[in-house]
Amino acid sequence: MRRALIAGNWKMYKTDAEAIELARGLAREAGNLTDRDVLLCPPFTSLKSVSEAIARTNVKLGGQTLHWEKEGAFTGMVSGPMLKSVGCSHVIIGHSEQRQFFGETNETVNKRVKAALFHGLVPIMCVGELLAEREAGKAEAVVKEQVEGGLKSITAEEMKKIVIAYEPVWAIGTGKTATPDDADNMHRFIRSLIAKMYGDAVAEGTIIQYGGSVKPENVDELMAKPNIDGALVGGASLKVDSFTRIVRFK
Ligand code: PEP
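One numbering rule holds for all chains: residues counted from 1, following each sequence as written. The model is predicted, so local features are restricted to residues of pLDDT at least 70 and side-chain atom pairs to those at 80 or more, both for listing and for counting; the totals for chains, interfaces and linings are taken over all residues. Think of the side-chain values as coming from all heavy atoms in the structure, minus any hydrogens and water.

1. Some remarks on the confidence of the model for the chain
Logical step 1: Residues of the chain with pLDDT of at least 70 account for 100%, and the chain-wide mean is 97.
Logical step 2: The secondary structure element of the chain with the lowest average pLDDT is helix 6 (residues 131-135), at 93, and the one with the highest is strand 4 (residues 90-93), at 99. Note: pLDDT gives the predictor's confidence per residue, expressed from 0 to 100. Numbering of helices and strands starts at the N terminus; helices are DSSP runs of H or I of at least 4 residues and strands are runs of E of at least 2.

2. Notes on the site of the ligand
Logical step 1: The nearness test applies per residue and asks whether one of its heavy atoms lies within 4 Å of the molecule or strand. Around the ligand, 14 residues are found, and the nearest of them are Lys11, Glu167, Gly173, Ser213 and Gly234.
Logical step 2: Pairs of N or O atoms are called polar contacts if they sit within 3.5 Å, as long as, within protein, a hydrogen donor faces a hydrogen acceptor (for residues adjacent in sequence, only side-chain-to-side-chain pairs). Within the side chain of Glu167, an N or O atom sits 2.6 Å from an oxygen atom of the ligand.
Logical step 3: In this structure, an oxygen atom belonging to the ligand sits 2.8 Å away from a main-chain N or O atom of Ser213.
Logical step 4: Only the protein chains shown count as cover for residues, and all accessible areas are computed by the Shrake-Rupley method using a 1.4 Å probe. Out of a free accessible area of 300 Å², the ligand has 95% covered by protein chains.
Logical step 5: Gly is placed with the polar residues, together with every amino acid not listed as nonpolar (Ala, Val, Leu, Ile, Met, Phe, Trp, Tyr, Cys and Pro) or charged (Asp, Glu, Lys and Arg). Tallied by class, the residues present in the shell around the ligand amount to four nonpolar, eight polar and two charged.

3. Re the pattern of salt bridges
Oppositely charged side chains are able to pair whenever their charged atoms sit close together.
Logical step 1: Each salt bridge in this description consists of a side-chain nitrogen of Lys or Arg and a carboxyl oxygen of Asp or Glu lying within 4 Å of one another. Evaluation of the coordinates by the stated rule reveals 15 salt bridges.
Logical step 2: A salt bridge links Glu204 to Arg2, with the shortest nitrogen-to-oxygen separation between them at 3.5 Å. Of this pair, Glu204 sits in helix 10 (residues 200-205) while Arg2 sits in the segment before strand 1 (5-9), and the two are 202 residues apart along the sequence.
Logical step 3: Classification of residues uses two cut-offs on accessible area relative to the type maximum, computed with a 1.4 Å probe and protein chains only: under 20% is buried, over 50% is exposed, and between them is partly exposed. Under the relative-accessibility criterion, Arg2 is labelled partly exposed at 22%.
Logical step 4: Between Glu29 and Arg28 there is a salt bridge; the shortest N-O distance is 3.5 Å.
Logical step 5: A relative accessible area of 32% places Glu29 in the partly exposed class.
Logical step 6: Within the structure, one salt-bridge network assembled from shared partners comprises Arg2, Arg191, Glu204 and Asp229.

4. Quick notes on the sheet that holds strand 5 (residues 122-127)
Note: strands within a sheet are paired through backbone hydrogen bonds, in either parallel or antiparallel orientation.
Logical step 1: Think of it this way: DSSP has to see at least two bridges between two strands before they count as a pair. On the basis of which strands lie adjacent, the closed barrel formed by eight strands has the order 1-2-3-4-5-6-7-8 and parallel pairing. Taken pair by pair, the neighbouring strands of this sheet meet at an average axis angle of 25°, ignoring direction.
Logical step 2: One ladder, built from two bridges, connects strand 2 (residues 37-41) with strand 3 (residues 60-63); its direction is parallel. Within strand 3, the residue paired with Leu40 across the bridge is Leu61. To obtain each axis, a line is fitted to C-alpha atoms, and for helices this fit is confined to the stretch in contact; angles are then taken between N-to-C directions over 0 to 180 degrees.

5. Points about the nonpolar core
Soluble, globular proteins show a tendency: their nonpolar side chains are buried together.
Logical step 1: To qualify as a nonpolar core, a set must consist of buried Ala, Val, Leu, Ile, Met, Phe, Trp, Tyr and Cys residues joined through side-chain atoms within 4.5 Å. In terms of nonpolar packing, the biggest core is built from 70 residues, with Leu151, Ile190 and Ile194 touching the most fellow members.
Logical step 2: The biggest single contributor to this core is helix 9 (residues 180-198), with eight residues.
Logical step 3: Contacts are assigned to residue pairs that have any heavy atoms within 4.5 Å of one another. If sequence neighbours within four positions are ignored, Ile190 has contacts with Val127, Val143, Val147, Ile164, Tyr166 and Ile208.

6. Focus: the packing of helix 7 (residues 139-150) against helix 9
Logical step 1: Remark: helix 7 packs on helix 9, axes separated minimally by 11 Å, with the N-to-C direction vectors making an angle of 40°. Classed by the angle they form, the pair helix 7 and helix 9 counts as oblique. Seen along the crossing, helix 7 lies across helix 9 with a hand that is right-handed. On helix 9, the residues that touch Ala139, Glu140, Val143, Lys144, Val147 and Glu148 of helix 7 are Met186, Phe189, Ile190, Leu193, Ile194 and Met197. Each angle is binned into one of four classes, with values under 35 degrees roughly parallel, values over 145 roughly antiparallel, values of 65 to 115 roughly perpendicular, and all other values oblique. Handedness of a helix crossing follows the sense of rotation of the near helix relative to the far helix, less than a right angle counterclockwise being left-handed and clockwise being right-handed.

7. Brief notes about the side chain of Thr65
Logical step 1: Within the element layout of this structure, Thr65 appears in the loop between strand 3 and helix 3 (80-85).
Logical step 2: For Thr65, a relative accessible area of 7% gives the class buried.

8. Digging into the pairing of strand 8 (residues 230-233)
Logical step 1: Covered by surrounding structure in strand 8 are Gly230 and Leu232 together with Ala231 and Val233, the residues of both alternating faces.
Logical step 2: The sheet contact formed by strand 1 and strand 8 spans four bridges and is parallel. If you follow Gly8 over to strand 8, its bridge partner there is Val233.
Logical step 3: Pairing analysis gives three bridges linking strand 7 (residues 208-211) to strand 8, with the strands arranged parallel. Note that in strand 8 the partner of Gln209 across the bridge is Gly230.

9. Examining helix 12 (residues 240-247)
Logical step 1: All of the buried residues along helix 12 are Ser242, Phe243, Thr244, Ile246 and Val247.
Logical step 2: Close packing links the buried residues of helix 12 with strand 1, helix 1 (16-30), strand 2, helix 11 (219-223) and strand 8.

10. What to know about the side chain of Arg112
Logical step 1: With respect to the helices, strands and loops of the structure, Arg112 is situated in helix 5 (residues 106-118).
Logical step 2: What Arg112 contacts, discounting residues up to four positions off in sequence, is Thr65, Leu66, His67, Trp68, Met77, Ile93 and Glu104.

Put into structure tokens, the structure is as follows:
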């Protein structure tokens, strides 16, 4: 009943010409899939050109963050209406790199989630523990705080539109992947938190992506797990071949 969502987070990679080439390749190889959703999240500078490259395909477009105000003196930021205006349907919020390098907190995540919903964008709210937190046995407590803080005063109706991405920080860009069982256990825990907050039906419908060194070699076993509904992919989304194999998981 949950439709798989495979998203490519291009981070701060690709000039505009490179982005167009990659998007065209992916549109050709994965543009006509109908049983799963494929999403590209290029840098802001290439949203418009990627939007043109994937036009008339099933591939969707997302931003990598947004500001909670609709406009204003916030140098360097973009707003929900701006993302919508270039064809975005989704936006990544609370990525660990935003938390680590740009002062993102659970409070700012919550503001961005509300703004995304207000402007008709699907928020992909990222959560995940640091290695030290996992080793100290605090992984679930950290993720609980992130889920509850990020979703503060979100209604059940709104929750139906939100995607969660579980990304253990120690697995992002490191080549270390959580084992499918470890990832599935955390996804089950997150789903139980959603169930407590919003009831079983909303929890059963919530898409929970896994992120952290997803590759062609491990995507099938991750996606085979009952609580893993998709992937948020960094490094392996930057090449047509590897991302195509990932979106075509079996
Ligand atoms: C990410 O950017 O969200 C990510 C999971 O990166 P990688 O796949 O490179 O670990």
